Amino acid sequence: MASAIKFGTSGWRAIVADEFTVENIRLAVAGIAEYVKTQPGPLRVLVGRDPRFLGENFVDVAARVLAGAGITPVIIPDPAPTPAIAHAVRTLKTVGSINFTASHNPPEYNGIKYSSPDGAPALPEVTQQIEAAVNRIVDSGGKVHMGSAPAGGFETVDVKESFLKRLGELVDVNAIAKSGMKVVYDPFWGAGRGYSCRLLRQAGVSVETVHDYRDVLFGGHAPEPDDHLLDKAREKMRQIGAKIVIATDGDADRFGIVDEDGTFIQPNYVIALLFDYLVETRGWRNGVAKSVATTNLVNALAEHHNVPLYETPVGFKYIGELIIEDKIAIGGEESAGLTIRGHVPEKDGIIAGLLVTEMVAVRGKSLGVQLRELFAKVGSYYPVRENFRLTSEVKARFTEKLKADPTELSGRKVKEVVRTDGLKLILDDGSWVCYRLSGTEPVVRAYTEARSEKDMESLKVAAEKFVMS
């Protein structure tokens, strides 16, 4: 069904053998091919994948659809991180890439992500053209012409070496080695295997890994580097006396960090800490970007360091645009995505983990200590995200509420209403709540941030009451 192919903030994702079928893959790639043919230059497109079930087969299908459309496919034979594919798009100057990945989604999912010639996730104006092309193909009978591989097979490329070289230029791995610290890396059976650990080991850093083999079921759960899924890495950390755990998700575009005492450091704090560190060590003062749902600790630091702040809608493509324009030193989202100046305009969980490791090595302090020092400098912030499932009645009532600008939230005065993405209510003391309705399911995401631990629970209650009452 053509209606099944909808490109969201990170491409089209669906359950394999349900909506993610070979027929729909052909249609989606044919739609991408129609867009690619409107672009200038030699028409060559990278085709890659993460280690999910049937990924190799899907890559072959995509290559034959591209070939049938007169476009040269360049295949990445091994599973590759999303940021490594983005880097290859830029260095090889292809007309973008097709990446078969469902990122951190559960193992029954797969997806197609199209990145444009600048290596960034395709913007809505591009994905709308692709969806329109798919609909035209379906309306004309849905037949997709399939090409065949040349005598020697499709062209292939190794993206790993070039990407690791770039990471080595951006991260001070020698400082990590000099510190003598030990590191645990958890790739969650994903595309990040053989990247972070290899770069560190080459510099002489002691690294141990967990979940470092292919498992298309990802241990029976989503390959998401969240607090509750990092116990194996914590166990390894205790065994070897490591200072840090770094982890990446299925396609290595998201990160997870565990401090030396076993505490999970939430992505909001990682972004703020790295922003402060990059200003301090690189002297980069050109700006910082964050999504509207990301901690205002970043706002406070931008004011402290006197650098421009860019607050974007949710979706890393908006941050990617600012990286391309060299307007920011770092950009990040609370959902564990970030990148830095001079790097790819795409989420990179690998560089995130490596930079945090460098920061611990150079500062010689645990992340917990560094965060307390940051709070002492600009004030404390306590962010939380919750999902609320809605009945049709509650959703209809809440959708109507979103149209107005509230003046209070459970008796607390609303100082400012922000509509960059969803509805964000900023209160008198600088705490805030942001609501975003899911476009695919009856769920509202509520992001709250209190200025004290004591106020965090009451703010969460107020946030939920506004949705449900």
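The structure under discussion appears in the preceding block.
Our subject in this report is the structure included herewith. (Residues numbered from 1 in each chain as written. Predicted model: local features only at pLDDT ≥ 70, side-chain atom pairs only at ≥ 80, totals over all residues. Heavy atoms only, no water.)

### Here's the deal with the pairing of strand 3 (residues 72-75)
Part 1: Sheet analysis places strand 2 (residues 44-49) next to strand 3, joined by 4 bridges and oriented parallel. What sits directly across from Arg44, in strand 3, is Thr72.
Part 2: Read from strand 2 through helix 2 (residues 55-68) to strand 3, the crossover connection turns out right-handed.
Part 3: Strand direction decides the pairing type here: strand 3 and strand 6 (residues 155-156), joined by 2 bridges, are parallel. Note that in strand 6 the partner of Ile75 across the bridge is Thr156. (Pairing = 2+ DSSP bridges. Helix = DSSP H or I, 4+ residues; strand = E, 2+ residues; numbered from the N terminus. Right-handed = clockwise from strand over helix to strand, strands pointing away.)

### Examining the nonpolar core
Across soluble globular proteins, nonpolar side chains show a tendency to be buried alongside one another.
Part 1: Leu200, Ile244, Phe275, Leu297, Leu367, Leu409 and Tyr435 are the most contacted members of the largest nonpolar core, which totals 92 residues.
Part 2: It is helix 9 (residues 267-282) that contributes the most residues to this core, 10 residues altogether.
Part 3: If sequence neighbours within four positions are ignored, Ile244 has contacts with Met181, Lys182, Val183, Val184, Met237, Ile257, Val258, Val356, Thr357, Val360 and Leu367. (Core = buried A, V, L, I, M, F, W, Y, C linked by side-chain atoms within 4.5 Å. Buried < 20%, exposed > 50% of the residue type's maximum accessible area, 1.4 Å probe, protein only. Contact = heavy atoms within 4.5 Å.)

### A short note on the pattern of salt bridges
Part 1: By the definition in use, this model includes 32 salt bridges.
Part 2: Its salt-bridge partner being Glu56, residue Arg49 comes within 3.9 Å of it at the nearest N-O pair.
Part 3: Residue Glu56 is classed as partly exposed on the basis of its relative accessible area of 35%.
Part 4: Note that Arg234 is salt-bridged to Asp227, the shortest N-O span being 2.3 Å.
Part 5: Residue classification places Arg234 among the buried positions, given a relative accessible area of 10%.
Part 6: Here the residues in one salt-bridge network are Asp276, Glu280, Arg363 and Lys377, joined through shared partners. (Salt bridge = Lys/Arg side-chain N within 4 Å of Asp/Glu carboxyl O.)

### Some remarks on the sheet that holds strand 15 (residues 382-389)
Part 1: Pairing is antiparallel across the open sheet formed by 6 strands, whose spatial order is 15-20-19-18-17-16. Edge positions in the sheet fall to strand 15 and strand 16 (408-409), since each of these pairs with one other strand and no more.
Part 2: In terms of strand pairing, strand 16 meets strand 17 (residues 412-418) through 2 bridges, oriented antiparallel. Residue Leu409 lies in a different strand from strand 17, and its bridge partner there is Arg412.

### Some details on the side chain of Lys160
Part 1: Secondary-structure assignment places Lys160 in helix 5 (residues 160-170).
Part 2: Buried charge without a salt bridge: Lys160, with Glu161 as the nearest opposite-charge side chain at an N-O distance of 6.1 Å.
Part 3: Dropping the residues within four chain positions of it, Lys160 is found in contact with Arg193, Gly194, Tyr195 and Arg198. (Lys, Arg positive; Asp, Glu negative; His and termini not counted.)

### A closer look at the packing of aromatic side chains
Part 1: Scanning the entire structure with this criterion turns up 13 aromatic pairs.
Part 2: Through a chain of ring-to-ring contacts, three or more aromatic side chains come together here, namely Trp12, Phe20, Phe58 and Phe100.
Part 3: Directly above the ring of Tyr195 sits Lys160, whose terminal nitrogen or CZ lies 4.9 Å from the centroid.
Part 4: Taking NZ or CZ as reference, Arg451 lies 4.0 Å from the ring centre of Tyr381, over its face. (Phe/Tyr/Trp six-rings, centres within 6.5 Å; stacked < 30°, edge-to-face > 60°. Lys NZ or Arg CZ within 6 Å of the ring centre and 35° of its normal.)

### Let's talk about the pairing of strand 7 (residues 182-186)
Part 1: The element strand 7 is extensively covered by neighbouring structure, given that 4 of its 5 residues are classed as buried.
Part 2: Relative to strand 8 (residues 206-209), strand 7 is paired through 4 bridges, and the arrangement is parallel. Looking at strand 8, one finds that Val183 is bridged to Val207.
Part 3: Following the backbone out of strand 7, through helix 7 (residues 196-202) and into the adjacent parallel strand 8, one traces a crossover that is right-handed.
Part 4: Relative to strand 9 (residues 244-248), strand 7 runs parallel, the two being bridged by 4 bridges. Its bridge partner being in strand 9, Tyr185 is matched across the sheet by Ile246.

### Some remarks on the sheet that holds strand 12 (residues 309-312)
Part 1: Overall, mixed pairing links the 4 strands, which are arranged 12-11-13-14 in an open sheet. Looking along the sheet, the strands with just one partner apiece sit at the ends: strand 12 and strand 14 (337-340). Each adjacent strand pair in this sheet contributes to an overall mean axis angle of 10 degrees, direction not counted.
Part 2: With 4 bridges joining them, strand 11 (residues 288-291) and strand 12 adopt parallel strand pairing. What sits directly across from Val288, in strand 12, is Leu309.
Part 3: Of the strands in this sheet, strand 11, strand 13 (330-333) and strand 14 are in contact with helix 9, which crosses strand 13 at around 175 degrees. (Axes fitted to C-alpha atoms, helices over the stretch in contact; angles between N-to-C directions.)

### Observations concerning the packing of helix 1 (residues 22-36) against helix 4 (residues 124-139)
Part 1: Contact pair helix 1 / helix 4: the axes reach a minimum separation of 8 Å and the direction vectors enclose 120 degrees. With respect to helix 4, the axis of helix 1 lies oblique. Crossing of helix 1 over helix 4 shows right-handed handedness. Contact with helix 1, carried on its side by Leu27, Ala28, Ala30, Gly31, Ile32, Glu34 and Tyr35, involves Val126, Gln129, Ile130, Ala133, Val134, Ile137 and Val138 of helix 4 and no other residues of that element.
Part 2: Across the contact of helix 1 with helix 4, the residue classes break down as 11 nonpolar, 2 polar and 1 charged. (Parallel < 35°, antiparallel > 145°, perpendicular 65-115°, else oblique. Left-handed = near helix turned anticlockwise from the far one by under 90°. Nonpolar A, V, L, I, M, F, W, Y, C, P; charged D, E, K, R; others polar.)

### Things to note about unusual backbone geometry
Part 1: Its identity as a non-glycine residue notwithstanding, Ala17 has a phi of 75 degrees, on the positive side.
Part 2: Mapped onto the elements of the fold, Ala17 is located in the loop between strand 1 (12-15) and helix 1.
Part 3: A residue is classified by how much of its surface remains accessible, and Ala17, at 68% relative accessible area, is exposed.
Part 4: The phi torsion at Lys93 lies on the positive side, around 55 degrees, for a residue other than glycine.

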